[in-house]
Amino acid sequence: MIALDIVSHCHDIAEGTCRLAAEMTQEPVPIAAVGGIVDEHGQFQIGTDALRIVEAIQACWRPAGVLLLVDVGSAVLSAETAIELLPEEQAAVCLISNAPLVEGAIVAALEASLGHTLEEVNRAAETARRLDKVFR
Amino acid sequence: MEDAGPVTQAPLCATITITNPSGLHLRAGKDMAYIANRFAADITAENLTRPSPVVDIKSILQIMQLQARTGHELRLCAAGADAHEALAALSALLDPSGAAA
């Protein structure tokens, strides 16, 4: 079973996407959510924090791999930095997905629950990039 | 003697009507995807009531592309050794009254 790490600029988006993804599982899938940055008052602000991503990855890490589902921009950069900060054996099985965050998390949770490999789950999640929602 | 190539069988198909008052929503679609993934057969669906692609129902996002409301008719087709069982299981989920044709 692989794990999923949801990374967003916004704490509420990360937590909400995590809840939605968990709804899609049949077997329990390790899913961690990390969003936003914590300011000097302990409040969440918009942003990304590589060190918090490291903690999230390590909280859900599995030998079969961790698929990181990210929103945009510095979420990718911070996820890359986080992976660089991990021990080599953990980093080796971390993969940042090109899938859109919410749709990708929905698919990835279901596919991970089916016991598919990291590459299989990511491939399925990335199909979300080219699937239309409405047909006119 | 004929060449013993891969066995190609015509798909089995059934038309079912969505009876769930909320339509084929995300949770119902999830149940459909998990059932479809239990079978080796290739299973597709098309919404006959509105413009729809023919989708692979082992994919939750493709199921969502059906955008099926209550009363919509879906054409389910399955091809493979366990096609019959797959259609029976999916029909039981989506159309519990057993009116699949």
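Just so you know, these numbers come straight off a predicted model, no measurement behind them.

A.B. asks: Help me understand the pairing of strand E4 (residues 73-79) of chain B, please; the structure alone is not making it clear to me.
C.D. replies: For a regular strand, side-chain orientation follows a simple rule: the groups alternate between the two sheet faces. Residues and elements named next belong to chain B. Here E4 shows a clear split, with Leu74, Leu76 and Ala78 buried on one side and none of Glu73, Arg75, Cys77 and Ala79 buried on the other. Note that strand E2 (residues 42-47) and E4 share 6 bridges and pair antiparallel. Each residue of the ladder has a partner; that of aspartate 42, found in E4, is alanine 79.

A.B. asks: Is there a simple way to think about the environment of aspartate 39 of chain A in this case?
C.D. replies: Residue and element names in this part refer to chain A. Assignment of secondary structure puts aspartate 39 in the loop between strand E3 (37-38) and strand E4 (44-45). The class of aspartate 39 is exposed, set by 10 C-beta atoms lying within 10 Å. Put simply, aspartate 39 and valine 7 are 32 residues apart on the chain and 18 Å apart in space, counted from C-alpha to C-alpha.

A.B. asks: Would you mind showing me how to read the interface of chain B and chain A here?
C.D. replies: By convention, interface size is frequently given as the accessible area that disappears when the constituent parts associate. With 13 residues of chain B at the interface, the matching set in chain A holds 14 residues. Those elements that provide at least two residues to the side of chain B that touches chain A are helix H1 (26-36) and helix H2 (60-64) of chain B. Considering each element in turn, the side of chain B that touches chain A owes the most residues, 4 residues, to H1 of chain B. When its residues are assigned to classes, the side of chain B that touches chain A shows 6 nonpolar, 5 polar and 2 charged.

A.B. asks: Got a minute to help me understand unusual backbone geometry in this structure?
C.D. replies: A negative phi angle is the norm for most residues apart from glycine, just as the trans form is the norm for most peptide bonds. Residues other than glycine seldom take positive phi values, yet glutamine 67 of chain B does so here, at roughly 45°. Within the secondary structure, glutamine 67 of chain B sits in the loop between H2 and E4.

A.B. asks: What exactly am I supposed to notice about the sheet that holds E2 of chain B here?
C.D. replies: Adjacent strands of a sheet form backbone hydrogen bonds with each other and so pair up, either parallel or antiparallel. Residues and elements named next belong to chain B. Read from one edge of the open sheet, 4 strands run E1-E4-E2-E3, paired in antiparallel fashion. Unpaired on one side and paired on the other, strand E1 (12-17) and strand E3 (55-56) mark the two borders of the sheet. For E2 and E3, the ladder comprises 2 bridges, and the chain directions are antiparallel. By the bridge assignment for E3, threonine 44 is matched with aspartate 56.

A.B. asks: So what exactly am I meant to see when it comes to the sheet that holds strand E2 (residues 31-35) of chain A here?
C.D. replies: All names here are of chain A. Taken in spatial order, the 4 strands make up an open sheet running E2-E1-E5-E6, and their pairing is parallel. Both edges of this open sheet fall to E2 and strand E6 (94-96), since each of them pairs with a single strand only. Averaged over neighbouring strand pairs, the angle between their axes works out to 20° when direction is ignored. Where strand E5 (residues 66-70) and E6 come together, 3 bridges link them in parallel fashion. Each residue of the ladder has a partner; that of valine 66, found in E6, is cysteine 94.

A.B. asks: Please explain the packing of helix H1 (residues 11-23) of chain A against helix H5 (residues 101-113) of chain A as it appears in this structure.
C.D. replies: Angle between the axes and distance between the axes: these two values describe a pair of packed helices. Residues and elements named next belong to chain A. For the pair H1 and H5, interaxial distance at closest approach is 8 Å and the crossing angle is 30°. Classified by the interaxial angle, the pair formed by H1 and H5 is roughly parallel. For the element pair H1 and H5, the recorded crossing hand is right-handed. Contacts between H1 and H5 pair Thr17, Leu20, Ala21 and Ala22 from the former with Leu101, Val102, Ala105, Ile106 and Ala109 from the latter. Broken down by class, the residue content of the contact of H1 with H5 amounts to 8 nonpolar, 1 polar and no charged.

A.B. asks: How should the nonpolar core be read in this particular structure?
C.D. replies: Residue and element names in this part refer to chain A. With 70 residues, the main nonpolar core has Leu4, Ile6, Val7, Ile31, Leu69, Ala108 and Ala109 as its most contacted residues. Considering each element in turn, this core owes the most residues, 8 residues, to H5. Not counting the four nearest positions on each side in its chain, isoleucine 31 is found in contact with Ala3, Leu4, Ile6, Cys18, Ala21, Ala22, Cys60 and Ala109.

Reading the values: rules and limits
- Residues numbered from 1 in each chain as written.
- Chains lettered and ligands numbered in written order.
- Predicted model: local features only at pLDDT ≥ 70, side-chain atom pairs only at ≥ 80, totals over all residues.
- Buried ≥ 20, exposed ≤ 12 C-beta atoms within 10 Å, placed from the backbone.
- Helix = DSSP H or I, 4+ residues; strand = E, 2+ residues; numbered from the N terminus.
- Pairing = 2+ DSSP bridges.
- Contact = placed C-beta atoms within 7 Å.
- Nonpolar A, V, L, I, M, F, W, Y, C, P; charged D, E, K, R; others polar.
- Axes fitted to C-alpha atoms, helices over the stretch in contact; angles between N-to-C directions.
- Parallel < 35°, antiparallel > 145°, perpendicular 65-115°, else oblique.
- Left-handed = near helix turned anticlockwise from the far one by under 90°.
- Core = buried A, V, L, I, M, F, W, Y, C linked by C-beta atoms within 7 Å.

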